[in-house]
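Residue strings, one per chain:
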Amino acid sequence: MPRAIPGVMVECDASIKAIIVKIDSERHDYILEDLDETTVLIKESKLADLKEALERELQDTQTFPEDEDSD
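Note that the coordinates shown come from a computational prediction; the quantities given were computed from them, not determined experimentally. (Residues numbered from 1 in each chain as written. Predicted model: local features only at pLDDT ≥ 70, side-chain atom pairs only at ≥ 80, totals over all residues. Heavy atoms only, no water.)

**As for the sheet that holds strand β3 (residues 39-43)**
What counts here: By definition, two strands form a pair when at least two bridges between them are found by DSSP. The secondary structure listing takes helices from DSSP runs of H or I that are at least 4 residues long and strands from runs of E that are at least 2 residues long, numbered from the N terminus. Inter-axis angles, ranging from 0 to 180 degrees, are taken between N-to-C directions of lines fitted to C-alpha atoms, where helices are fitted over the stretch in contact.
Pairing in this open sheet of 3 strands is antiparallel, and the strands run β1-β3-β2 from one edge to the other. Single-partner strands in this sheet number two, and they are β1 (7-11) and β2 (31-36). Each strand axis lies, on average, 20° off the axis of its neighbour in the sheet, ignoring direction. Across 4 bridges, the pairing between β2 and β3 is antiparallel. Considered in β3, the bridge of Asp34 is made with Val40.

**Side note on unusual backbone geometry**
Of note in the backbone geometry, His28 takes a positive phi value of approximately 55° without being a glycine. On the secondary structure map, His28 appears in the loop between α1 (14-27) and β2.

**Remarks on the pattern of salt bridges**
Cut-off, in case you're wondering: Salt bridges are counted wherever a side-chain nitrogen of Lys or Arg sits within 4 Å of a carboxyl oxygen of Asp or Glu.
Evaluation of the coordinates by the stated rule reveals 3 salt bridges. With a shortest N-O distance of 2.9 Å, Glu57 and Lys22 are connected by a salt bridge. You can see Glu57 sitting in helix α2 (residues 47-61) and its partner Lys22 sitting in helix α1, a full 35 residues away along the chain. Asp29 is the salt-bridge partner of Arg27, the closest N and O atoms lying 2.9 Å from each other.

**Focus: the nonpolar core**
Spelled out, the test is: For this analysis, a nonpolar core means a set of buried residues of the types Ala, Val, Leu, Ile, Met, Phe, Trp, Tyr and Cys, connected via side-chain atoms within 4.5 Å. For every residue, the accessible area (1.4 Å probe, protein chains only) is compared with the maximum for its type, and the residue is labelled buried under 20%, exposed over 50%, or partly exposed between those bounds. Residues are treated as being in contact if the distance between any of their heavy atoms lies within 4.5 Å.
Ranked by size, the top nonpolar core spans 12 residues in total: Val10, Cys12, Ile19, Ile20, Ile23, Tyr30, Ile31, Val40, Ile42, Leu50, Ala53 and Leu54. With sequence-adjacent residues up to four places away left out, Cys12 is seen in contact with Lys17, Ile20 and Thr38.

Note that all results are geometric; they support no functional claim without further evidence.
Right, here's the structure in full:
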C-alpha cells in the first residue's frame with residue numbers, strides 16, 4: 001500500500017535551490033521531489049533542519065565588503 005509523506009513546496013532563487021540540492025546530495029534527507037529550476041518539495045519534518053543547514057552554508061559562502069572607513 002502506498003504511503004504519503006507530508007511535504008512543503010519551497011520556491012526560491014535558482015542559486016539557493018542549487019545549494020539545497022547540494023545539501024541534500026550528502027544524505028538525501030530533505031528533498032522529496034525536484035520540481036523545476038526554482039521549486040522543490042521538502043519533507044515537512046526536515047524543513048527546520050534544512051533551514052539551519054542552508055544558513056550555515058550561506059554564512060560559509062558569503063563575503064562582505066570591507067568597511068572603507070575603518071582605516
